[in-house]
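Structural overview
For reference, the chains in residue letters:
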Amino acid sequence: RSVNIVAFGSEGDRFSEDNQQPSLIQSYLGRSALISQVDSSPSAGHLGNLVFTEYQACVFGNVRLVVHDCPVWDIFDSDWYTSRSLIGGADIIVIKYSVNDKALFQELKDSYVPMIKKALNHSSVPVILSATGARKNGVPCTCPLCTSDRRSCVTTSEGVQLAKELGATYLELHTLNDFYIQKYFGGVLEYFMIQSLNHKSTEKMKKRKKTQKCHRVQPPRLEQPEKMPILKGEASHYDADLHNLLCCCQCADVAFYPEDLSTMVEAHKIILCSVSHLFMLLFEVKTPADTHDASILRMAQSIFVVETKDTFSSAPRGVPPCVPPVRVVVKDSVFCSCLPDILHFIYSGAFQWERLEDDIKKKLKDPEKTENVLEKVKCILKTPGKLSTVKDCRSHQMKRLYNTSLRLFFNTPVLADVIFKIQGATVPAHRAVLVARCEVMAAMFNGNYLEANSILVPVYGVSKDTFLSFLEYLYTDSCCPASILQAMSLLICAEMYQVMRLQHICELYIITQLQSMPSRELASTSLSIVSLLRKAKFHNSDCLSTWLLHFIATNYLIFSQKPEFQDLSVEERNFVEMHRWPSNLYLKQLADYRNYIHSQKCHCAVM
């Protein structure tokens, strides 16, 4: 162990007649009781100049002490390499100056302190700034041409300020006696020597631990499992489906006529009643006593007349003969001319109010007539007991009426024109909704099939609860399975009727539920993941089947212990083995590491 000290500067005054006082470093080494075996020798710099004295001694018994005392500051000008090397290898730096040499102090402050700071390069080497000598009395001359101010003293505040710039410890040594050298200067210097030795011991211990850690056998690193494929949900096309129903007029059971019967506009009672209490009154879904709003009844009587005569020549397309058509005469000719635009507005979700305003304005080109028609539309859409304002109409955009209003007609015989028979029970439904939302049912009710002209339609291959959940999705565009098995049954039903969005919703539900299942529950559950995989593959759910294979591989240690694991095909087993987590390589490395830990070659570092 060793401590390197570098001292710069002189304790004497260059202009003093008696400049033979002993060196501070030499005095300390000679008087300190902790120093022994002192040896000194002059040393040359990088350029061969004799610029410093090197002292070697022992401190604290067996610690080697090396001191380089450089009394002349010219070393920074003449031999920058040597001065930089000295500072770079120093554990402690001592800077000395005389309080009676103001010129040298100013030169030290302006020229040499910046060089020292540059050589230190923000290192944490302790610096001692030692001001030696007793200040001499006398007032310096203020004449600008006089050089007597060279003998002016360096004040304490100037020394403290310089110490702050260097981050140094400031000492004032009025005389080089035993008190100032041994107890004052020596106490501070020995404190920094102890700190330096402690720091070196700590760094040595860290280096030793780092070396031991590098040679120690490390446990194997467990990589993260492969990322499973991400399923993206399909955007809803609920409003578009109902709007397309108006355009193709399949299963239309309402025909609007002007008073001269010159034109006809077809529609569907179930859609109209789902957004309007006025149409519920018109088609006898509700009675006037149920409405509690006389303005709606008056508006219905002033605009529409419902006729159910047998003389109606041609029934709307797609309606079974047993369902009588409804013929509605529109008494207001202006309103009747705007009826196609109003129906488009209703079938599009009743939320594009600004577009309806623009369409009617362009068609009528009369502000008074436009306002009259819009007021009637607001009355048609109003909720009984509430004011009908433009703000109320625009609020339909946010509420999306179909998602809530069509639910009122789900699994009810009101306006129903088809009945499904399933597992001995009957489920009423509405052809218009089924045709709009499901292409398979659209072909079934409008093609050359028995169901096209039948009221009672049998359903096979699916349970009643699953079929009700399927119909609920068609009516409301949402579904909430109660379990993974129910979601799989609904997925199979959605695949049977080719409703792809519902199939994707069920896939996402199954994946979400399995991902949230803790490992302990996954190990003890009776749910067969392999069975889910079989059903997903059989019913063309490629995304779900691929995800389930990754799920089995990621939880390999759990599923490999289950009997169902043996039911995987050769191809599936190979996929799982290839993507298993943790991998065979990791398990082998873990076994080797455990054998190493428990072997006699590995001993406890503490014992």
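Coordinates for the structure precede this section.
Residues numbered from 1 in each chain as written. Predicted model: local features only at pLDDT ≥ 70, side-chain atom pairs only at ≥ 80, totals over all residues. Heavy atoms only, no water.

Some points on the overall build of the protein
Looking only at helices and strands, the protein has 28 helices and 14 strands in total. Out of the 607 residues in the protein, the part that is buried amounts to 46%. Residue pairs at least 24 apart in sequence account for 68% of intrachain contacts in the protein once pairs closer than 6 positions are excluded. (Helix = DSSP H or I, 4+ residues; strand = E, 2+ residues; numbered from the N terminus. Buried < 20%, exposed > 50% of the residue type's maximum accessible area, 1.4 Å probe, protein only. Contact = heavy atoms within 4.5 Å.)

Digging into the pattern of salt bridges
Scanning all chains against the criterion turns up 18 salt bridges. Asp178 is the partner of Arg31 in a salt bridge, and the nearest nitrogen-oxygen pair spans 3.1 Å. Here the residue Arg31 occupies a position in helix 1 (residues 24-31), and Asp178 occupies one in helix 6 (residues 178-215), the gap between them amounting to 147 residues. Taking the relative accessible area as the measure of exposure, Asp178 reaches 45% and is therefore partly exposed. Where Asp69 meets Lys96, a salt bridge forms, and the shortest distance between an N and an O atom there is 2.9 Å. One end of the pair, Asp69, is in strand 4 (residues 63-70); the other, Lys96, is in strand 5 (residues 92-98), and 27 residues separate them in sequence. (Salt bridge = Lys/Arg side-chain N within 4 Å of Asp/Glu carboxyl O.)

A closer look at the pairing of strand 11 (residues 326-330)
Strand residues, when the strand is regular, have side chains that alternate between the two faces of the sheet. Counting buried residues along strand 11, five of its five residues qualify, which places the element largely inside the surrounding structure. As judged from the five bridges shared by strand 8 (residues 254-258) and strand 11, these two strands associate in the parallel manner. Each bridged residue has a counterpart across the sheet, and for Phe256 the counterpart in strand 11 is Val328. (Pairing = 2+ DSSP bridges.)

Notes on the packing of aromatic side chains
Scanning the model with the defined rule gives 21 aromatic pairs in all. Consider the rings of Phe179 and Tyr180, whose centres lie 5.3 Å apart with planes at 80 degrees: the pair is edge-to-face. Residue class for Phe179 comes out partly exposed when judged on its relative accessible area of 47%. We classify Tyr180 as buried; its relative accessible area is 17%. Joined through ring pairs, the aromatic side chains of Phe256, Phe279, Phe283, Phe304 and Phe335 make up one cluster. The lysine or arginine in question, Arg327, covers the ring of Tyr257, its NZ or CZ lying 5.2 Å from the ring centre. Between Arg437 and the ring centre of Tyr473, over which it is positioned, the NZ or CZ distance is 5.1 Å. (Phe/Tyr/Trp six-rings, centres within 6.5 Å; stacked < 30°, edge-to-face > 60°. Lys NZ or Arg CZ within 6 Å of the ring centre and 35° of its normal.)

Considerations on helix 4 (residues 102-120)
Taking 1.5 Å of rise per residue, the 19 residues of helix 4 would be expected to cover 27 Å, and the 25 Å separating its terminal C-alpha atoms lies within 8% of that figure. Maximum bend of helix 4: about 40 degrees, positioned at Tyr112, with proline Pro114 one to four residues after it. When helix 4 is considered as a whole, its buried residues turn out to be Leu104, Phe105, Leu108, Tyr112, Val113, Ile116, Ala119 and Leu120. In this structure, the buried residues of helix 4 make contact with helix 2 (75-78), helix 3 (80-88), strand 5, strand 6 (127-132) and helix 5 (156-166). (Expected span 1.5 Å × (residues − 1). Bend = angle between axes of the 7 residues up to and from the residue.)

A short note on the environment of Thr53
By the element assignment, Thr53 lies in strand 3 (residues 50-59). The spatial distance from the C-alpha of Thr53 to the C-alpha of Asp69 is 5.2 Å, given a sequence separation of 16 residues. When sequence neighbours within four positions are dropped, the list of residues in contact with Thr53 reads Ser40, Ser41, Pro42, Val67, His68 and Asp69.

Brief notes about helix 24 (residues 529-538)
Side chains that are three or four residues apart share a direction in an α-helix, a result of its 3.6 residues per turn. Within the sequence span of helix 24, burial applies to Ile529, Val530, Leu532, Leu533 and Ala536. Considered in projection along helix 24, the buried side chains sweep an arc of 155 degrees and stay on one side of the axis. The secondary structure elements touched by the buried residues of helix 24 are helix 21 (484-496), helix 22 (500-515), helix 25 (542-554), helix 26 (556-559) and helix 27 (570-579). The N-cap residue of helix 24 is Ser528: its side-chain oxygen and the backbone nitrogen of Ser531 are 3.1 Å apart. At the exit of helix 24 stands Asn540, carrying a positive phi of roughly 60 degrees. (Arc of directions from axis to C-beta. Polar contact = N/O pair within 3.5 Å; in protein donor to acceptor, adjacent residues only side chain to side chain.)

Side note on a negative patch on the surface
Together, Asp74, Asp77, Glu107 and Asp110 make up a region of like negative charge exposed at the surface. Relative to the helices and strands, Asp77 is located in helix 2. In this structure Asp77 comes out as exposed when scored by relative accessible area, which is 53%. (Patch = residues over 30% accessible without salt bridge, like charges linked within 9 Å, V, L, I, M, F, W, Y side chains within 5 Å. Areas by Shrake-Rupley, 256 points an atom, 1.4 Å probe, with all protein chains shown as cover. Lys, Arg positive; Asp, Glu negative; His and termini not counted. Charge placed at Lys NZ, Arg CZ, Asp CG, Glu CD.)

Overview of the sheet that holds strand 13 (residues 425-429)
The three strands lie next to each other as 13-12-14, forming an open sheet whose pairing is mixed. Among the strands making up the open sheet, the edge pair consists of strand 13 and strand 14 (456-458). Within this sheet the neighbouring strands show an average axis-to-axis angle of 30 degrees, counted without direction. Bridging between strand 12 (residues 418-422) and strand 13 involves five bridges; their strand directions are antiparallel. (Axes fitted to C-alpha atoms, helices over the stretch in contact; angles between N-to-C directions.)

Shape is all these values report; function is a separate question.
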